[in-house]
Amino acid sequence: MTLEQHVVRPPAQSRGAGPAGQRRRSRRDEILEIAVGLFATRGYHGVSMDDIGAAAGVTGPALYHHFAGKEAMLAAALIPVSEQLLAGGQARIAEAGEDPGRALAALVDFHVEFALANPAVIALHLHELDRLPEEPRRQIRRLQRLYVEEWVTTLTALRGGQLDAGEARVLAHAAFGLMNSTPFLGGEVDRTRRAELLRAATLSALQG
């Protein structure tokens, strides 16, 4: 599948509900998904608002009704993702209780699943974050640091006496490099096996 087929779906803004109680996605969500896919495949500067409107079947005035411009779209894609990663990581650590080994395995599972589901967003984050204005960029960086520190706390607890916080931070970032490789993986290995390989490689790197 292409990057455009693997884009994070932002929280729905619609009032309606779909099957099984799921909220129906709004037109704004659909436009944002299309924009993220285009940014990821063509690059931020390679996509115009007209391109996004054409792909979404939306005229210029209607498009600007939802977003002030490309920067607003980029922020709308990346800020919720950073918030969701932090909240998800914290939830899995809380579920693990006082068992750092279980917490680490849960964090790895969580992040691998996110990375496999959202390679376009990862590509966007890796290459286009600096396109954002200072304030949203600072907000995203702060959320990222908090997420990293959840991993650092878990690693230092798991490998007590072997790692200080700085060393655990190095390992955490190395682990993200492994798990966030999904935009560059081909389709020759099926998704289940890719998940297994990424989990195993990450846990091997972190457990020492």
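Given the structure is predicted, the values throughout are model-derived calculations rather than measurements. (Residues numbered from 1 in each chain as written. Predicted model: local features only at pLDDT ≥ 70, side-chain atom pairs only at ≥ 80, totals over all residues. Heavy atoms only, no water.)

Considering the overall build of the protein
Going by this rule: The way it works is that DSSP assigns letters per residue, a run of H or I at least four long becomes a helix, a run of E at least two long becomes a strand, and they are numbered from the N terminus. Only the protein chains shown count as cover for residues, with accessible areas throughout obtained via the Shrake-Rupley method and a probe of 1.4 Å.
Along the protein, the regular secondary structure elements total nine helices and zero strands. Along the chain direction, N to C, the helices and strands of the protein fall in the order α-α-α-α-α-α-α-α-α. Only carbon and sulfur atoms are counted for the fraction: they give 52% of the accessible area of the protein, which is about 10700 Å².

What about helix 7 (residues 134-158)?
Heads up, the condition is: One less than the residue count of a helix, multiplied by 1.5 Å, gives the span that helix is expected to have. We call a residue buried when its accessible area falls under 20% of the maximum for its residue type, exposed when it is over 50%, and partly exposed in between, using a 1.4 Å probe and counting protein chains only. Contact definition: two residues touch when any of their heavy atoms are within 4.5 Å.
Between the first and last C-alpha of helix 7 there are 36 Å, a value that for 25 residues agrees with the 36 Å anticipated at 1.5 Å per step. When we look at burial in helix 7, the residues that qualify are P136, I140, L143, Y147, V148, W151, V152, T154 and L155. The inward-facing, buried residues of helix 7 abut helix 4 (70-96), helix 5 (100-117), helix 6 (119-128), helix 8 (165-179) and helix 9 (191-207).

A few points about the packing of aromatic side chains
This is how it is decided: By convention, a stacked pair of Phe, Tyr or Trp rings (six-membered ring in the case of Trp) has centres within 6.5 Å and planes under 30 degrees apart, an edge-to-face pair has planes over 60 apart, and any other such pair is tilted.
This structure, assessed with the given rule, holds four aromatic pairs. Ring centres of Y147 and F176 lie 5.7 Å apart, and the angle between their planes is 15°; this geometry places the pair in the stacked category. Here the residue Y147 occupies a position in helix 7, and F176 occupies one in helix 8, the gap between them amounting to 29 residues. By relative accessible area, Y147 is classed as buried at 5%.

Let's talk about the pattern of salt bridges
As a reminder, the rule being used: Should a side-chain nitrogen of Lys or Arg be within 4 Å of a carboxyl oxygen of Asp or Glu, the pair is scored as a salt bridge.
Under the counting rule described, the total for this entry stands at 11 salt bridges. Between D109 and R199 there is a salt bridge whose closest N-O contact spans 2.8 Å. One end of the pair, D109, is in helix 5; the other, R199, is in helix 9, and 90 residues separate them in sequence. Here D109 falls in the partly exposed class, since its relative accessible area comes to 35%. Judged by relative accessible area, which is 21%, R199 ranks as partly exposed. Two residues, E134 and R138, come together in a salt bridge whose shortest N-O distance is 2.3 Å. Remark: R138 and E134 occur in helix 7; sequence separation between them is four residues, near one turn of the helix.

Brief notes about the nonpolar core
The criterion, for reference: What makes a nonpolar core is a set of buried Ala, Val, Leu, Ile, Met, Phe, Trp, Tyr and Cys residues whose side-chain atoms join them at distances within 4.5 Å.
Core analysis: the largest hydrophobic core is formed by 60 residues, its most contacted members being I31, F39, I52, M73, L78, W151 and L206. Breaking this core down by element, the ones donating at least two residues are helix 1 (27-42), helix 2 (49-56), helix 4, helix 5, helix 6, helix 7, helix 8 and helix 9. It is helix 4 that contributes the most residues to this core, 12 residues altogether.

Topic: the side chain of T154
Tracing the backbone shows T154 in helix 7. Excluding anything up to four places from it in sequence, T154 contacts I93, P100, A103, L104 and L107.

Describing the environment of A76
Inspection of the secondary structure puts A76 in helix 4. The class for A76 is buried, based on a relative accessible area of 15%. Sequence separation between A76 and L32 is 44 residues; the distance between their C-alpha atoms is 7.8 Å. Once residues within four sequence positions are removed from consideration, A76 is found in contact with R28, L32 and F67.

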